[in-house]
Amino acid sequence: MTGPAALLALEDGTVFRGTGLGAGGETFGEAVFNTGMAGYQEVLTDPSYAGQIVAMTAPQQGNYGVNREDAESVRVQVSGFVVREASRLASSWRADGSLADELSAGNIVGIEGIDTRRLTLRLREHGAMRAAISTVDVDATSLVERVQASPRMEGADLARTVSTAQPYEAATLVGPVDRSHGTVHRVAAYDYGMKRNILRRMAAIGCETTVFPAETPAAEIASGGFDGVFLSNGPGDPAVTAYGIAAVRGLVGKVPIFGICLGHQLLGLALGGRTFKMRFGHRGVNQPVKNLRTSIVEITTHNHGFAIDPHGWARSEGAIPVAATDYGDAELTHWNLNDGTLEGLRCVDVPAFSVQYHPEAAPGPHDSRYLFQDFRDLMDNG
């Protein structure tokens, strides 16, 4: 650890002293933790982490370096990064840089050498909270006061800040479509913070995907002759992503829809549900989710701090709870086995479904990749 002295401060007054990692300076955001033992590059480049300072619970990060192929977007997206220890050596033959190099190149301020277990317990017990990392203001009182004056995640509309500025064809990023499935479907994908592996999975099931900015009106998509619409993951408070909710309402019942993460929340809001801020959210690659339609438990990748609230919306009806929506009934199909939160829904009367987690799951697990085929089946059936 050869970097400058650094300070991590939480809004409740807790401070951690360590060593700077990556760029010097300071950064503010919501402190959260990720329980994945691998996948730090995918975490760093996932636009859903915009506005967040991410702490990794596994003690050593950077072991296999970074490379251009595994990035989930064009740049590092996190506001800050927290690790117990960053490896200076990259063991993988695919590596073309180190974790520290990646943070420095992205001008991202990080910190290492702190007790990440203590930090994780603090966030788990008291909830995700505003935070800052600084190598320039290492006075605890000063930095805590500035954290307490910084914006909260509630009410933050961030999807538009990480979305593409112009429509583009996915093939320019991920290559040609697999045409072995028969008919090639044309999909319009809303980019609220799209991960690249989503586009790879779309190509793998025989879909030509056009990616659109987050604020694209529904009428533009509806007039494009697309076979399906995909609603991507993304950051921020879903309840204030008004343009996304409006677009979904304009498309439900007109074209098959598949949403994940923020896209799942926007579909739920468009159907008449509501969302809430979770205490510390789900972030990692080891969340157990039960699919009530199959009774199979999937190990899944998550990154979200908000969720759809089923209370007062769902009613008991057989083995799968059902919610009355503005577009007919919806089955509440997937549930988190750790805390009982809603993880997926499927409309009964219109072709639309969504899940809270990430079935594209880079680097893994792959239990939920079947959902992309479900989307294709929905388009096959018109």
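See the structure above.
Residues numbered from 1 in each chain as written. Predicted model: local features only at pLDDT ≥ 70, side-chain atom pairs only at ≥ 80, totals over all residues. Heavy atoms only, no water.

A. Spatial organisation of the overall build of the chain. What the chain contains, in helices and strands, is 11 helices and 21 strands. Relative to the globule expectation of 21 Å for 382 residues, the C-alpha radius of gyration of the chain, 21 Å, shows essentially globular dimensions. Structurally, the chain occupies a C-alpha span of about 60 × 45 × 35 Å along its principal axes. Across the 382 residues of the chain, 58% fall into the buried class. Here the chain has roughly 14,600 Å² of accessible surface; of this, 50% comes from carbon and sulfur atoms. Charged side chains of the chain number 32 positive and 43 negative; the gap between the two group centres comes to 2 Å. (Helix = DSSP H or I, 4+ residues; strand = E, 2+ residues; numbered from the N terminus. Rg over C-alpha atoms; globule rule 2.2 N^0.38 Å. Buried < 20%, exposed > 50% of the residue type's maximum accessible area, 1.4 Å probe, protein only. Areas by Shrake-Rupley, 256 points an atom, 1.4 Å probe, with all protein chains shown as cover. Lys, Arg positive; Asp, Glu negative; His and termini not counted. Charge placed at Lys NZ, Arg CZ, Asp CG, Glu CD.)

B. Representation of unusual backbone geometry in the model. Along the chain, Ala 362 connects to Pro 363 via a cis peptide bond; the corresponding omega equals 10°. With an omega of 0°, the peptide bond between Gly 364 and Pro 365 qualifies as cis. Mapped onto the elements of the fold, Pro 365 is located in the loop between β21 (352-355) and α11 (370-380). Of note in this structure, Ser 295 is not a glycine but carries a positive phi near 65°. Positionally, Ser 295 belongs in the loop between β15 (275-291) and β16 (296-308). Judged by its relative accessible area of 53%, Ser 295 falls in the exposed class.

C. The side chain of His 302, seen in detail. You can see His 302 is positioned in strand β16. Among the polar contacts made by the side chain of His 302, one reaches the side chain of Thr 300 at a distance of 2.8 Å. Looking at His 302, its side chain comes within polar contact range of the side chain of His 304, at 3.3 Å. (Polar contact = N/O pair within 3.5 Å; in protein donor to acceptor, adjacent residues only side chain to side chain.)

D. Region of the structure containing the side chain of Ser 354. Tracing the sequence through the fold places Ser 354 in strand β21. Setting aside its immediate chain neighbours within four residues, Ser 354 contacts Gly 259, His 264, Leu 267, Glu 343, Gly 344 and Leu 345. (Contact = heavy atoms within 4.5 Å.)

E. Structural detail: the packing of aromatic side chains. Taken as a whole, this structure holds eight aromatic pairs when the rule is applied. Considering the side-chain rings of Phe 258 and Phe 375, the 5.5 Å spacing of their centres and the 50° angle between planes classify their relative orientation as tilted. Of the two residues, Phe 258 is situated in strand β14 (residues 257-260) and Phe 375 in helix α11; the sequence distance between them amounts to 117 residues. Each member of the pair, Phe 258 as well as Phe 375, is classed as buried. Feature note: the residues Phe 230, Phe 258, Phe 353, Phe 372 and Phe 375 constitute an aromatic cluster, connected by ring pairs. The aromatic ring of Phe 226 is capped on one face by Arg 186, whose charged end is 4.3 Å from the ring centroid. Residue placement shows Lys 277 over the ring face of Phe 306; its charged tip is 5.6 Å from the ring centre. (Phe/Tyr/Trp six-rings, centres within 6.5 Å; stacked < 30°, edge-to-face > 60°. Lys NZ or Arg CZ within 6 Å of the ring centre and 35° of its normal.)

F. Representation of the pattern of salt bridges. Under the definition given, this model contains 19 salt bridges. Its salt-bridge partner being Asp 137, residue Arg 146 comes within 3.1 Å of it at the nearest N-O pair. Taking the relative accessible area as the measure of exposure, Arg 146 reaches 31% and is therefore partly exposed. For the salt bridge of Arg 346 with Asp 374, the shortest nitrogen-to-oxygen distance reads 3.4 Å. Here the residue Arg 346 occupies a position in strand β20 (residues 342-347), and Asp 374 occupies one in helix α11, the gap between them amounting to 28 residues. Under the relative-accessibility criterion, Arg 346 is labelled buried at 15%. One salt-bridge network, held together by shared partners, links Glu 11, Arg 130 and Arg 152. (Salt bridge = Lys/Arg side-chain N within 4 Å of Asp/Glu carboxyl O.)

G. Layout of helix α4 (residues 140-148). Every buried residue of α4 is listed here: Leu 143, Val 144 and Val 147. In a view along the axis of α4, the buried residues occupy a sector of 100°, so they form one face of it. Exposed side of α4, more than 90 degrees from the buried face: Thr 141 and Glu 145 are the residues found there. Tucked inside the fold, the buried residues of α4 contact β1 (5-10), β2 (15-22), β3 (26-34) and β9 (129-134). (Arc of directions from axis to C-beta.)

H. View of the packing of helix α9 (residues 242-251) against helix α10 (residues 262-270). Two elements in contact, α9 and α10, have axes whose closest approach is 8 Å; the angle formed by their N-to-C orientations is 65°. As the angle between them shows, α9 and α10 are arranged roughly perpendicular. Crossing of α9 against α10: the hand is right-handed. Along the contact surface, α9 presents Gly 244, Ile 245, Val 248 and Arg 249, while α10 presents Leu 266, Leu 267, Leu 269 and Ala 270. The residue makeup of the contact of α9 with α10, split by class, is six nonpolar, one polar and one charged. (Axes fitted to C-alpha atoms, helices over the stretch in contact; angles between N-to-C directions. Parallel < 35°, antiparallel > 145°, perpendicular 65-115°, else oblique. Left-handed = near helix turned anticlockwise from the far one by under 90°. Nonpolar A, V, L, I, M, F, W, Y, C, P; charged D, E, K, R; others polar.)

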